[in-house]
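Read off the chains here:
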Amino acid sequence: MEAEVVVAPGLAVPVPTCLRYDPVEPYAVHLDMQVHAGAPVRWTFARDLLSAGTTTWAGGGDVSVFPSPDPDGERGTLFISLSGEEATAVLRIPANAVVAFLARSERIVPVGEEHRYLGVANNVRGLFDGPPSRRPRFDGLRRRTDDGEE
């Protein structure tokens, strides 16, 4: 989606932006901004913060999200304030794009069901199940067992 970094009142710079959701991290959303030719600037924050921010001011500290209704009262623009160690940026994003993104993420992992997608207990249990020769060992990027199988 196309977002704008608000530089000053009446002055904004377009910035290619991507919102991502991964059920492996069911409570989080990821926002990537392509600020310059290098790697994107990445922010991770709570999905419920983004959702709350579509209707009212939400967050504080490093990330705040708040709507700015159109003059006719419809949801039109969403602002996301991102504060780092050296600077703060305010993004202006079409609210309908964020609402659509949230709806897609909720089809993947419904709100209130996030805990079912964590899988931490099963992953830890898997490390200790079975004989030592069958326990996974990570060798670089490949997973191997102690008996050499991949």
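Model, not experiment: these values are computed from the prediction.

Participant: How would you summarise the pattern of salt bridges if you had to cite specific residues and measurements?
Facilitator: Applying the stated rule across the entire model yields five salt bridges. Between R42 and D32 there is a salt bridge whose closest N-O contact spans 3.3 Å. With R42 in strand 4 (residues 41-46) and D32 in strand 3 (residues 28-33), this pair connects stretches of sequence that are 10 residues apart. Using a relative accessible area of 55% as the deciding quantity, one classes R42 as exposed. What makes D32 buried here is its relative accessible area of 9%.

Participant: Before we move on, could you go through the packing of aromatic side chains and cite the residues and values that matter?
Facilitator: Taken as a whole and judged by the stated rule, the model has two aromatic pairs. Relative to F66, the ring of W57 lies with its centre 4.2 Å away and its plane at 5°, an arrangement referred to as stacked. Centre to centre, the rings of F66 and F79 are 5.5 Å apart; their planes meet at 20°, and the pair counts as stacked. Linking F66 in strand 6 (residues 63-69) with F79 in strand 7 (residues 75-83), this pair joins segments that are 13 residues apart in sequence. Grouping residues by exposure puts F66 and F79 together as buried. One aromatic cluster in this structure is built from W57, F66 and F79.

Participant: Outline the layout of surface pockets, listing residues and values.
Facilitator: Approximately 200 Å³ is the volume attributed to the largest pocket. M33, V41, W43, A87 and A89 are the residues nearest the centre of the largest pocket, which is lined by 14 residues in total.

About the criteria used
Residues numbered from 1 in each chain as written. Predicted model: local features only at pLDDT ≥ 70, side-chain atom pairs only at ≥ 80, totals over all residues. Heavy atoms only, no water. Salt bridge = Lys/Arg side-chain N within 4 Å of Asp/Glu carboxyl O. Helix = DSSP H or I, 4+ residues; strand = E, 2+ residues; numbered from the N terminus. Buried < 20%, exposed > 50% of the residue type's maximum accessible area, 1.4 Å probe, protein only. Phe/Tyr/Trp six-rings, centres within 6.5 Å; stacked < 30°, edge-to-face > 60°. 1 Å grid on protein atoms, 1.4 Å probe; cavity = no way out; pocket = protein on both sides within 12 Å on 5 of 7 lines; lining within 4 Å. Points joined across faces, edges and corners; volume = space filled by probe spheres on them.

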